[in-house]
Every structure is written in structure tokens, then in C-alpha cells.
Amino acid sequence: TADDSDEREESEPGAPDSSDEREDEASSEPDAPAELTLDAAGRVAVVGADQLDYGYRVFDGVIKGAALAGLRGAAGAAFTARTKKGDEAYSSGSTYWVSATTDRAKLTNLERAALDIFEFHAKKAVYDPARS
């Protein structure tokens, strides 16, 4: 009788074997979402939260003219949230995410503005940019 190892088919060079496919399947699964810890006010708890100013502030005139008109138009186009209906858990519409590590050159003006605002408010907080 022939040795079992002699009966195995040779795969083509560079072709994945079944163990490679299993590894690819496992690595393509999304990571489980991180659990958030909230403070007493329902905000995400961060190290240095005592240094953050959660008060309401207005910065009049920071954005003017064509830049303001462009942001206003982009924000209007992106806003799709609608009032929650009945006993639904969430309202309808879309939400968007801009990672703190995103290449700013690839962002829209609206995304850059959102990231600028995040960085302004989080400048004294300790956080992991790869998860923010």
C-alpha cells in the first residue's frame, strides 16, 4: 500500500490550502465592538474627564463666507435623522464615523470640521486615536 503522504495532491505554488482559507475566514470577521463605560451623565468615560469642559459654548465667526455656506450645504445633505416612530428603539436615518487616525487629505470639508471639533474638545483627554 502507498503511504498516505504520497497520496496527497500537491497544490499549485501560491494556492491557499484549506488551513489558509480557515485563517482568512477568521481574520475577515469583524472585531467585536468595544464596550463603552459611561459616566453618571451618560457620556463616554475617559481618563482626564475632570479636565474637560462640557459646557455650552458658541464660537461666532470662526467659519465665514463660502466656507460656511459649503459646510451648511454638506451638513444639510448628510443629515437624514428623522423622529423616532412609536416604540422603535432608534430613529431612522444614517450616522457617520470619522476615525481620529484618518488621513485628513482624504476627508471632505464636513468630515475635517467634525474631526477638528473632536480634537478641540478631546485635547486634554487621554484616548486611543486608533479606537476614536
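Residues numbered from 1 in each chain as written. Predicted model: local features only at pLDDT ≥ 70, side-chain atom pairs only at ≥ 80, totals over all residues. Heavy atoms only, no water.

### Section: the side chain of Ser-99
Its place among the elements puts Ser-99 in the loop between helix H3 (65-78) and helix H4 (109-122). Given the relative accessible area of 16%, Ser-99 is considered buried. Side-chain polar atoms of Ser-99 contact the side chain of Thr-101, separated by 3.0 Å. Discounting residues that sit within four places of it in the chain, Ser-99 has contacts with Leu-115, Pro-129 and Ser-132. (Helix = DSSP H or I, 4+ residues; strand = E, 2+ residues; numbered from the N terminus. Buried < 20%, exposed > 50% of the residue type's maximum accessible area, 1.4 Å probe, protein only. Polar contact = N/O pair within 3.5 Å; in protein donor to acceptor, adjacent residues only side chain to side chain. Contact = heavy atoms within 4.5 Å.)

### Some points on the packing of aromatic side chains
Scanning all chains against the criterion turns up two aromatic pairs. A ring pair is formed by Phe-59 and Phe-120, whose centres lie 5.6 Å apart and whose planes are at 80°; its orientation type is edge-to-face. In this pair, Phe-59 is assigned in the loop between helix H2 (18-28) and H3 and Phe-120 in helix H4, connecting sequence segments 61 residues apart. Ring centres 5.2 Å apart and planes at 75° place the aromatic pair Phe-118 and Tyr-127 in the edge-to-face group. Judged by relative accessible area, Tyr-127 falls into the partly exposed class, the value being 31%. Arg-43 extends its terminal NZ or CZ atom over the ring of Tyr-54, reaching a point 3.7 Å from the ring centre. (Phe/Tyr/Trp six-rings, centres within 6.5 Å; stacked < 30°, edge-to-face > 60°. Lys NZ or Arg CZ within 6 Å of the ring centre and 35° of its normal.)

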